[in-house]
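Per-entry structural report
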Amino acid sequence: GGGQWREGDVQAAIWLVGQLGWPVVTDITSSLRGPIDEHNKQAAEKIEHVAAADLLLAGCPFITHHLRTDLVLQLGIPLTSKRMYALIETAMKKTANEAATIVVSPEPHCHDPDAVMTHQLTCSIASFVEALDDVARPAAISEVAHASELCGLADLTSIAIAGAANFLKAQEGESGDGSSSSAALCEPEVARLAASSAQSTGGLFLSSSMPIRDADSFGSLPDAIATAPDVGRSDEGPVGCVASNRGANGIDGVLHSAIGYSLGLGQPVTVLLGDVAALHDMGGLHTLKQSGASVSVVVVNNGGGGIFHFLPIAAHKDVFSPLFDTPHDVSFEGICASVGLPYSRVK
């Protein structure tokens, strides 16, 4: 899950999942998607990583309907993937609520939209692992370690990863012989590029709506594109520090939040947001100019609220536009010029 992962949480989580040998799904806002330092690499090699989980569930819906789980351990809140929440909910129903979903987070108000949580532990991840190590090791952990029948999911992810890589390359207009034709960037590709850029420049801040969903599916999956079968090599790596606003705030204040995140990290930050979110916080560009923070703003301008095209209301053309997709013709170049910020347009 996401939330505020602190120093020590990553090392503790890596040790625990390495000992258990259970399949691990990492959210884009989870620090487990970040670069693994030398101290943790050996333990991280034991992890049964289910990369591209949302893509896997989207392409193989039968997994959600037929999967059975006895225990779900969620470290951090919330999850980005609605399909992952649906999987947990369905699995719980199949076991007639005999299974358990344990959520560990320092946040006292737990995000549980489907009411599947059976146990909530309000503490840091590091504290949880330390306590578990004290009372359960070695007998209890060794008893359940590597016992999960779900580890096969990790093998299926190569299919999802290869499909994602081939999809993005097709959108780029790249043919099998490596030649390229001119093609417009698609939104998943923008998310992948923004996440990849953040790896070398500092942190990544993701807006709600489509940016965080695209980044969760396509954004620098651990060695995803680089190891996809028959796709070739890449210099991309995992995402470093990632943050987002999730909750009732919606798309308000994204630019200001990214500025604060950059100042708090003391590092450059790339913020990925949609055009409507940018319009809701245009004053953030003036703040950015005045603050001196190093923030690269990537605006996906699709002329309105793109996420609403995925909702049933999109079929009702008589009311969908302009009431839901809120189209606009605002020039972000003009807005940047008005506050003295540089601007580049990429198509």
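Every chain is numbered independently, its residues counted from 1 as its sequence is written. With the structure being a predicted model, the display of local features is reserved for residues of pLDDT at least 70 and the display and counting of side-chain atom pairs for 80 or more, all residues being used for whole-chain, interface and lining totals. Only hydrogens and water are set aside when side-chain values are computed; all heavy atoms of the structure are taken into account.

**Examining the confidence of the model for the protein**
Caution is warranted with low-pLDDT regions, since their predicted coordinates should not be read in detail. The following threshold applies: Each residue carries a pLDDT score, the predictor's confidence in it, ranging from 0 to 100. Each helix is a run of DSSP H or I of at least 4 residues and each strand a run of E of at least 2, with the numbering of both proceeding from the N terminus. A contact between two residues is defined here by any heavy atoms of the two lying within 4.5 Å.
Confidence along the protein averages 78 in pLDDT terms, with 78% of residues attaining 70 or more. Confidence, expressed as mean pLDDT per element, reaches its minimum in the protein at helix α11 (residues 224-227) with 32 and its maximum at helix α14 (residues 283-291) with 95. Confidence over residues 175-182 falls short of pLDDT 50; this stretch has six contacts with residues more than four positions distant or in other chains.

**A closer look at unusual backbone geometry**
This is how it is decided: Burial classes: relative accessible area under 20% of the type maximum marks a residue as buried, over 50% as exposed, and values in between as partly exposed (1.4 Å probe, protein chains only).
Here the amide bond leading from Ile77 into Pro78 is cis, since omega sits at -10 degrees, within 30 degrees of zero. Within the element layout of this structure, Pro78 appears in the loop between β3 (71-75) and α5 (82-94). A cis geometry characterises the amide bond from Ser321 onward to Pro322, with omega recorded as 15 degrees. Counting through the fold element by element, Pro322 comes out in helix α15 (residues 317-323). The phi dihedral of Ala115 falls on the positive side, at around 55 degrees, and the residue is not glycine. Within the secondary structure, Ala115 sits in the loop between β4 (100-105) and β5 (119-122). Its identity is not glycine, yet Ser209 carries a phi of approximately 75 degrees, on the positive side. Mapping Ser209 onto the fold places it in the loop between β6 (203-206) and α10 (210-218). On the basis of relative accessibility, which here comes to 22%, the residue Ser209 falls in the partly exposed class.

**Focus: α10**
Taking burial as the measure, the nine residues of α10 include eight buried ones, the bulk of the element. Regarding α10, the residues found buried are Met210, Pro211, Ile212, Asp214, Ala215, Asp216, Ser217 and Phe218.

**Quick notes on the sheet that holds β4**
Operational definition: At least two DSSP bridges between two strands are needed for those strands to be called paired. Between N-to-C directions, angles cover 0 to 180 degrees, with each direction set by a line fitted to C-alpha atoms, over the stretch in contact for helices.
If you walk across this open sheet you meet the three strands as β3-β4-β5, and the pairing is parallel. If you trace the sheet from one side to the other, it starts and ends with β3 and β5, each paired once. Here the average twist between neighbouring strands, direction ignored, is 15 degrees. Examined bridge by bridge, β4 and β5 share four bridges and lie parallel to one another. Each bridged residue has a counterpart across the sheet, and for Val104 the counterpart in β5 is Leu121.

**Considerations on a nonpolar patch on the surface**
Cut-off, in case you're wondering: Any residue with relative accessible area above 30% and no salt bridge may belong to a patch, with like charges joined within 9 Å and the nonpolar Val, Leu, Ile, Met, Phe, Trp and Tyr side chains within 5 Å. Each accessible area value is a Shrake-Rupley result obtained with a 1.4 Å probe; residue values ignore everything except the protein chains displayed when judging cover. Salt bridges are identified by distance alone: a Lys or Arg side-chain nitrogen within 4 Å of an Asp or Glu carboxyl oxygen.
Taken together, the side chains of Leu185, Leu193 and Val346 present a nonpolar region at the surface, about 260 Å² in accessible area. Position of Val346 among the secondary structure elements: in the segment after α16 (332-339).

**Quick notes on the packing of aromatic side chains**
For clarity, the cut-off: Ring pairs shown here join Phe, Tyr and Trp side chains whose ring centres sit within 6.5 Å, with only the six-membered ring taken for Trp; geometry is labelled stacked below 30 degrees between planes, edge-to-face above 60, and tilted in between.
Overall, the coordinates contain one aromatic pair when judged by the stated rule. Judged by centre distance (5.9 Å) and plane angle (55 degrees), the ring pair of Phe205 and Tyr261 falls under tilted. Taken together, the residues span a long stretch of sequence, with Phe205 in strand β6 and Tyr261 in helix α12 (residues 254-265) at a distance of 56 residues. By the burial criterion, Phe205 is buried, and Tyr261 matches it.

**Brief notes about the environment of Phe205**
The exposure class assigned to Phe205 is buried, which follows from its relative accessible area of 3%. Considering only alpha carbons, one finds Phe205 and Ser257, 52 residues apart in sequence, at a separation of 8.3 Å. With near-sequence residues (within four places) excluded, Phe205 lies in contact with Ala243, Ser244, Asn245, Val254, Ser257, Ala258, Tyr261, Val269, Thr270, Val271 and Leu272.

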